[in-house]
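Observations on the three-dimensional arrangement
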Amino acid sequence: MVNWNCIGIPRQPLRFLSVVLLGLAIALFSPRLTAQPAAIVSATPSLLAQAETSPADSLLQQGNDLYNAGRFAEAVAVWQQAAATLTTPRQALERALVLGNLSAAYQDLGQWAEAEMTVNQSLAVLATIAPEADAQRHTAILARTLNHQGHLFWLQGQLEDAVDVWQRSALAYANANDETGVLGSLINQAKALQVLGLSVQSEALLQQVSQRLAQAAEPSFQAVGLRQLGNALRRVGKLDESRATLVQSLALTPTTPTSQSSAWLELGNTERALRNRALALGKTAEAQTFTEAALSHYEQAATVNDPHRKARAQLNQLSLWVEMGELAKAVSLLPDIETSIQMLPPGRAAVYTRLNLAQSLLCAHPEAAAAVSCQPFWRSRLDLQSTSQRPTSVDTPSLQSIGEILATVVQQAQQLADPRAQSYALGQLGELYELTQQWSEAQALTEQALTVTETIRAPEIRYRWEWQLGRLLENKGDQSGAIAAYNRAIEELKAARNDLLLVDPEVQFSFRDNVEPVYRRLISLLVSPPQNHPPSQLSLTQAIQTIDDLQLAEIENYLRCNLGQRVQLTDETVDPSAAVFYLMTLPDQLVVLLKLPGSNELTLHTLPITKQAVDTTLRSLRQELGKRYLSDQGKALGQQVYDWVIRPMESSLVASQVNTLVFVLDGVLRNVPMASLYDGQQYLIEKYAIALTPSSQLFQPEPLVQNRLQVQVFGVADFQADNPGLFPHHQNFRDLPYVATELEQVQQYLPGDEFLDAQFTRETLQTQTRNDASPIIHIATHGQFSSDPRETFIVAWDEQIDMFNLSHILRDREESGFAPLELLVLSACQTATGDDHAVLGLAGIAIQSGARSTLSSLWAIQDQSTAVLMSLFYQALIDRSATVTRATALRQAQLQLMRRPGYQAPYFWAPYVMVGGWL
């Protein structure tokens with residue numbers, strides 16, 4: 001009998017492996033999650049055919065072959081040799097081509113300084129050549145070099161520069177009659193614009209690509225172009241459009257096995273992304289449908305003799321079966337996969353194929369439930385299966401054999417001189433040792449992984465291993481070392497967001513597994529020092545900053561863009577009567593941090609209660625608040641949350657004469673209106689005005705200038721639900737008969753224009769926004785906030801306007817030179833049922849619209865009470881007899897509504913929330 005350790009690995013063989021590998025280097029997580037615009041450097045026969053025959057020609061082609069095989073370091077050596085032989089003026093074009101290709105290879109190796117130097121050298125050489133001497137070749141090489149430079153800017157996070165350069169490359173490709181290059185440059189621009197938050201402009205470019213493809217005469221060219229477009233649409237989160245485009249591509253794809261395999265593979269990837277989105281939204285039945293489609297497509301993609309394409313399809317099948325817990329089916333694929341892998345030539349593709357195999361095999365083990373990289377697998381499995389459908393035990397490859405696969409990959413990556421691949425392999429091996437509790441070996445491998453990445457810029461790799469190192473140091477009892485490692489991981493995450501978090505749906509929907517835990521673990525250490533010592537004020541300040549950073553990261557991940565304009569609230573800018581609460585749910589405790597006005601001291605209160613227990617209580621409270629009559633149970637739940645959050649801080653709030661509470665909320669806490677918390681006699685709104693902010697880095701509170709207030713009002717009262725042919729977007733929405741009254745009452749207090757029913761169209765909203773400087777826009781219509789941005793929308797007369805398009809319309813006022821929108825009111829909207837992250841949609845609109853504050857509701861209320869509350873709100877807002885902030889105006893309206901017969905229950909007044917600036 002073999003003496004197994006705690007999870008089934010013979011301890012001595014693994015220790016032998018560790019001795020072999022301690023002198024090597026490491027890196028990160030599944031390479032299939034990276035998302036970068038492709039830098040095309042494949043061989044260009046048309047360019048070479050026109051060049052004079054020379055020894056450099058064969059070197060250039062040899063380098064191309066090595067590059068396409070994923071042997072980047074060897075390609076660099078060959079191209080360097082070619083560049084050294086191209087020294088005469090007549091060889092300048094060939095030298096420029098080689099230097100551009102060198103830049104692309106350096107980029108793949110992560111050597112950005114060398115990449116920048118060679119691409120600049122290429123452009124400098126081209127600038128010395130008179131274009132008319134060989135115009136076609138000169139323009140083609142210029143286009144290619146600009147494409148490489150754009151990709152380098154992308155990698156460095158210089159997105160505006162990347163867009164500018166790709167615009168120039170598209171023009172050059174067009175002048176060279178290279179339609180493939182034009183389409184690639186347009187797609188790359190679209191990706192960068194999406195990350196910059198310019199989603200409407202991104203969508204317009206992708207539409208332009210679609211139109212150009214429709215005009216192409218050659219079906220096979222259309223098929224390839226549509227496949228690339230479908231891939232790009234998936235990358236920027238347009239999953240339904242991606243699927244439709246890929247289906248169209250498949251119909252045009254030649255019947256050759258390799259072409260068909262590529263088409264089925266991309267379609268399967270989109271079905272899988274749709275599955276991930278459905279699981280994140282709690283739509284299990286839809287997820288199952290997408291899962292079955294993805295598996296079918298992968299199976300069809302695997303019917304090809306090409307070992308690389310076949311292995312990719314089979315590995316995607318394998319990982320999906322593992323996610324589903326269908327381990328017997330996963331194991332049945334292994335013989336074919338191993339055969340395909342053995343046929344792969346040496347190169348990065350072969351290395352990454354083995355890495356993905358090792359990752360899936362690891363996550364197939366029940367013993368690997370604690371492995372960080374397997375959390376998306378396990379969460380997906382739990383989402384899809386009930387407890388009565390747990391998978392049966394299956395003999396999977398041993399963890400020892402997985403370690404041997406990774407050791408082989410390390411050696412192959414070293415032979416390729418590929419630090420990224422080497423880092424991935426050693427990082428995964430380090431996690432394997434962490435899992436088997438061989439701490440010293442795991443730490444040594446992790447530190448080597450970080451050492452390898454010091455020679456390249458790879459934040460998407462480094463963050464994972466800094467996180468892993470933090471866990472290992474924490475286990476060792478080195479809390480300060482762990483805090484430092486987690487801090488470094490978060491800094492790397494900030495640098496990695498452009499690529500890792502924003503334009504890959506697979507990563508977006510595993511944000512809570514791949515990103516959140518880093519922040520939460522750091523917060524936990526900062527608020528819980530060892531030996532029961534109270535945390536220092538410096539630690540608490542850092543904890544608040546980390547909470548803010550997490551909220552910001554989640555919003556950026558949701559919006560799939562960078563939020564460039566950020567502020568930090570200070571004592572000088574915050575309302576002197578406002579206190580800020582930071583709430584955070586950690587696995588084993590609820591953290592409450594309070595910043596009082598005019599004080600540099602932070603107050604901490606923690607409760608030893610699990611996140612699961614907190615979430616269960618909050619969901620029950622939210623369900624009770626949705627009833628027209630609040631039960632005793634509802635009051636008890638409201639009091640329970642009050643006791644958690646407010647009561648420990650009550651005396652401090654009173655002593656500081658606080659009038660307004662501003663909440664930075666986390667997770668399920670966002671779905672519960674803080675106004676409804678109950679102390680046993682009064683609701684919280686009866687004591688304080690309340691506002692929400694997604695992060696204190698996003699909104700700068702500024703008072704309303706009352707003598708300049710005007711409003712534009714829009715609304716739909718009469719929904720054409722009985723006319724699905726002309727009004728499909730009105731389906732499932734009931735009439736709102738009191739909307740007309742609501743708009744009339746708003747205009748009793750503030751001057752402005754009204755657009756009701758057929759007058760409220762997308763075009764009208766856009767025109768009025770561009771031409772009218774009114775600081776308030778009031779929209780009364782059905783709408784929904786969702787954790788999927790594409791499912792966050794308002795209903796106009798002529799169409800549903802999703803969040804990205806609504807935000808684009810509202811930001812048009814800035815192009816007209818108007819001041820930012822002071823207040824956006826969205827009445828009759830609601831959060832998506834059963835979606836714990838739906839309030840992100842409300843926060844997303846609040847941020848993307850450019851409005852300083854947004855007033856809306858967490859659930860749909862009868863429009864009669866909404867009309868009353870809105871009238872009371874504007875009446876309070878314009879009261880010049882007292883200094884009234886937006887938050888206090890809302891509070892006064894809620895209190896007056898609460899005291900009216902029939903409206904006492906929180907159902908009617910509690911869901912209205914002010915997001916953003918509250919002054």
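Residues numbered from 1 in each chain as written. Predicted model: local features only at pLDDT ≥ 70, side-chain atom pairs only at ≥ 80, totals over all residues. Heavy atoms only, no water.

1. Concerning the overall build of the protein
Helices and strands together make up the secondary structure of the protein, namely 38 helices and 13 strands. Within the protein, the proportion of its 919 residues that are buried is 61%. Carbon together with sulfur atoms contributes 50% to the accessible area of the protein, which is approximately 34300 Å² in total. (Helix = DSSP H or I, 4+ residues; strand = E, 2+ residues; numbered from the N terminus. Buried < 20%, exposed > 50% of the residue type's maximum accessible area, 1.4 Å probe, protein only. Areas by Shrake-Rupley, 256 points an atom, 1.4 Å probe, with all protein chains shown as cover.)

2. What to know about the state of the cysteines
Enumeration over the complete set of coordinates arrives at 1 disulfide. Across the disulfide from Cys 363 sits Cys 374; the S-S distance is 2.1 Å. In this structure the cystine formed by Cys 363 and Cys 374 twists about its S-S bond by roughly -90°; its chirality is therefore left-handed. One end of the pair, Cys 363, is in helix α18 (residues 348-363); the other, Cys 374, is in the loop between α18 and α19 (375-384), and 11 residues separate them in sequence. A residue is classified by how much of its surface remains accessible, and Cys 363, at 0% relative accessible area, is buried. (Disulfide = S-S within 2.5 Å.)

3. Section: the packing of aromatic side chains
Under the counting rule described, the total for this entry stands at 16 aromatic pairs. Ring centres of Tyr 678 and Tyr 683 lie 4.9 Å apart, and the angle between their planes is 50°; on these two criteria the pair is classed as tilted. The interplanar angle of 85° and the centroid separation of 4.9 Å between the aromatic rings of Tyr 907 and Phe 908 together place this pair among those described as edge-to-face. With a relative accessible area of 8%, Tyr 907 lands in the buried category. Through a chain of ring-to-ring contacts, the aromatic side chains of Tyr 67, Phe 72 and Trp 79 assemble into a single cluster. The positively charged end of Arg 471 is found above the aromatic ring belonging to Trp 467, 5.3 Å away from the centroid. (Phe/Tyr/Trp six-rings, centres within 6.5 Å; stacked < 30°, edge-to-face > 60°. Lys NZ or Arg CZ within 6 Å of the ring centre and 35° of its normal.)

4. Overview of the nonpolar core
If you look at the biggest cluster of nonpolar residues, it comprises 126 residues, and the most contacted ones within it are Phe 581, Ile 646, Leu 653, Leu 661, Phe 663, Leu 684 and Phe 873. Sorting elements by how many residues they give to this core places helix α36 (residues 863-877) first, with 8 residues. In contact with Leu 661, other than residues within four places in its own chain, are Ala 579, Phe 581, Ile 646, Leu 653, Leu 684, Tyr 688, Ala 689, Ile 690 and Ala 691. Core analysis: the next-biggest nonpolar cluster, separate from the first, contains 104 residues, Ile 483, Tyr 519, Ala 578 and Leu 602 among them. (Core = buried A, V, L, I, M, F, W, Y, C linked by side-chain atoms within 4.5 Å. Contact = heavy atoms within 4.5 Å.)

5. Digging into unusual backbone geometry
Not every positive phi belongs to a glycine, and Gln 437 is a case in point at roughly 60°. Residue class for Gln 437 comes out partly exposed when judged on its relative accessible area of 45%. A positive phi angle, near 55°, is found at Gln 657, a position not held by glycine. Turning to its location among the elements, Gln 657 is positioned in the loop between α31 (650-655) and β4 (660-664). Under the relative-accessibility criterion, Gln 657 is labelled exposed at 63%.

6. Here we look at the pairing of strand β12 (residues 853-857)
For β12, the tally of buried residues reaches 5 of 5 residues, placing the bulk of the element in the interior. Of the strand pairs in this sheet, strand β11 (residues 823-831) and β12 are connected by 4 bridges, and their pairing is parallel. Counted as the bridge partner of Leu 823 is Ser 853 from β12. Pairing of β12 with strand β13 (residues 912-916) involves 5 bridges; the strand directions are antiparallel. Paired with Ser 857 across the two strands is Tyr 912, which belongs to β13. (Pairing = 2+ DSSP bridges.)

7. Here we look at the environment of Ala 675
Within the fold, Ala 675 resides in the loop between β4 and β5 (689-692). What makes Ala 675 buried here is its relative accessible area of 5%. Sequence separation between Ala 675 and Lys 687 is 12 residues, and the spatial gap between their C-alpha atoms is 9.4 Å. Non-local contacts of Ala 675, meaning those with residues more than four positions away in its chain, are made with Tyr 683, Leu 684, Ile 685, Ile 690, Gln 894, Trp 909 and Ala 910.

8. Section: the packing of helix α6 (residues 112-127) against helix α7 (residues 135-155)
Relative to each other, α6 and α7 sit at 155°, their axes nearing to 10 Å. Taken together, α6 and α7 sit at an angle that is classed as roughly antiparallel. With respect to the hand of their crossing, α6 and α7 are arranged in left-handed fashion. Across from Trp 112, Ala 115, Glu 116, Val 119, Asn 120, Ser 122, Leu 123 and Leu 126 in α6, the residues of α7 making contact are His 138, Ile 141, Leu 142, Thr 145, Leu 146, His 148, Gln 149, Leu 152 and Leu 155. Partitioning the contact of α6 with α7 into residue classes produces 10 nonpolar, 6 polar and 1 charged. (Axes fitted to C-alpha atoms, helices over the stretch in contact; angles between N-to-C directions. Parallel < 35°, antiparallel > 145°, perpendicular 65-115°, else oblique. Left-handed = near helix turned anticlockwise from the far one by under 90°. Nonpolar A, V, L, I, M, F, W, Y, C, P; charged D, E, K, R; others polar.)

9. A word on the pattern of salt bridges
Applying the stated criterion across every chain yields a total of 35 salt bridges. The partner of Asp 240 in a salt bridge is Arg 277, with the nearest N and O atoms 3.4 Å apart. Taken together, the residues span a long stretch of sequence, with Asp 240 in helix α12 (residues 239-252) and Arg 277 in helix α13 (residues 257-280) at a distance of 37 residues. For Arg 420, the salt bridge goes to Glu 460, with nearest N and O atoms at 2.3 Å. (Salt bridge = Lys/Arg side-chain N within 4 Å of Asp/Glu carboxyl O.)

10. Focus: the confidence of the model for the protein
In low-pLDDT regions, the fine details of the predicted coordinates are not to be read closely. For the protein, mean pLDDT is 86; residues scoring 70 or higher make up 90% of the total. Predicted confidence is poor over residues 500-509, with pLDDT under 50, and the contacts of this stretch with residues over four places away or in other chains come to 43 contacts. (pLDDT = per-residue confidence, 0-100.)

11. Observations concerning the environment of Leu 550
For Leu 550, the position within the fold is in helix α28 (residues 537-559). A relative accessible area of 1% places Leu 550 in the buried class. Sequence separation between Leu 550 and Val 518 is 32 residues; the distance between their C-alpha atoms is 9.3 Å.

12. Side note on helix α5 (residues 92-109)
Between the first and last C-alpha of α5 there are 26 Å, a value that for 18 residues agrees with the 26 Å anticipated at 1.5 Å per step. Note on α5: the residue one or two positions beyond its end, Gly 110, has a positive phi of about 80°. (Expected span 1.5 Å × (residues − 1).)

13. Structural notes on the packing of helix α9 (residues 179-195) against helix α11 (residues 219-235)
Packing of α9 against α11 leaves a shortest axis separation of 10 Å and a crossing angle of 10°. Considering their axes alone, α9 and α11 lie roughly parallel with respect to each other. From α9, Glu 179, Thr 180, Leu 183, Ile 187 and Lys 191 reach across to α11, where they touch Phe 221, Gln 228, Leu 229 and Ala 232. A breakdown of the residues in the contact of α9 with α11 according to their chemical character gives 5 nonpolar, 2 polar and 2 charged.

14. Details of helix α14 (residues 284-301)
With 18 residues, α14 extends 25 Å from end C-alpha to end C-alpha; this agrees with the ideal 26 Å at 1.5 Å per step. Considered for burial, the residues of α14 that qualify are Ala 287, Phe 290, Thr 291, Ala 294, Leu 295, His 297, Tyr 298 and Ala 301. Seen from one end, α14 has its buried residues packed into an arc of 165°, which puts them on one side. Turned more than 90 degrees from where α14 packs its buried face, Ala 285 and Glu 299 sit exposed. (Arc of directions from axis to C-beta.)

15. Re the pairing of strand β1 (residues 578-586)
Among the 9 residues that make up β1, 9 are buried, leaving the element largely enclosed by the rest of the structure. Taking every second residue as pointing to the same face, both faces of β1 are buried, with Ala 578, Val 580, Tyr 582, Met 584 and Leu 586 on one and Ala 579, Phe 581, Leu 583 and Thr 585 on the other. For β1 and β4, the ladder comprises 5 bridges, and the chain directions are parallel. What sits directly across from Val 580, in β4, is Val 662. As paired elements, β1 and strand β2 (residues 589-595) share 7 bridges and run antiparallel to each other. Bridge pairing links Tyr 582 to Leu 593 in β2. Taking the residues that link successive antiparallel strands as the turn, the β1-β2 hairpin has 2 residues.

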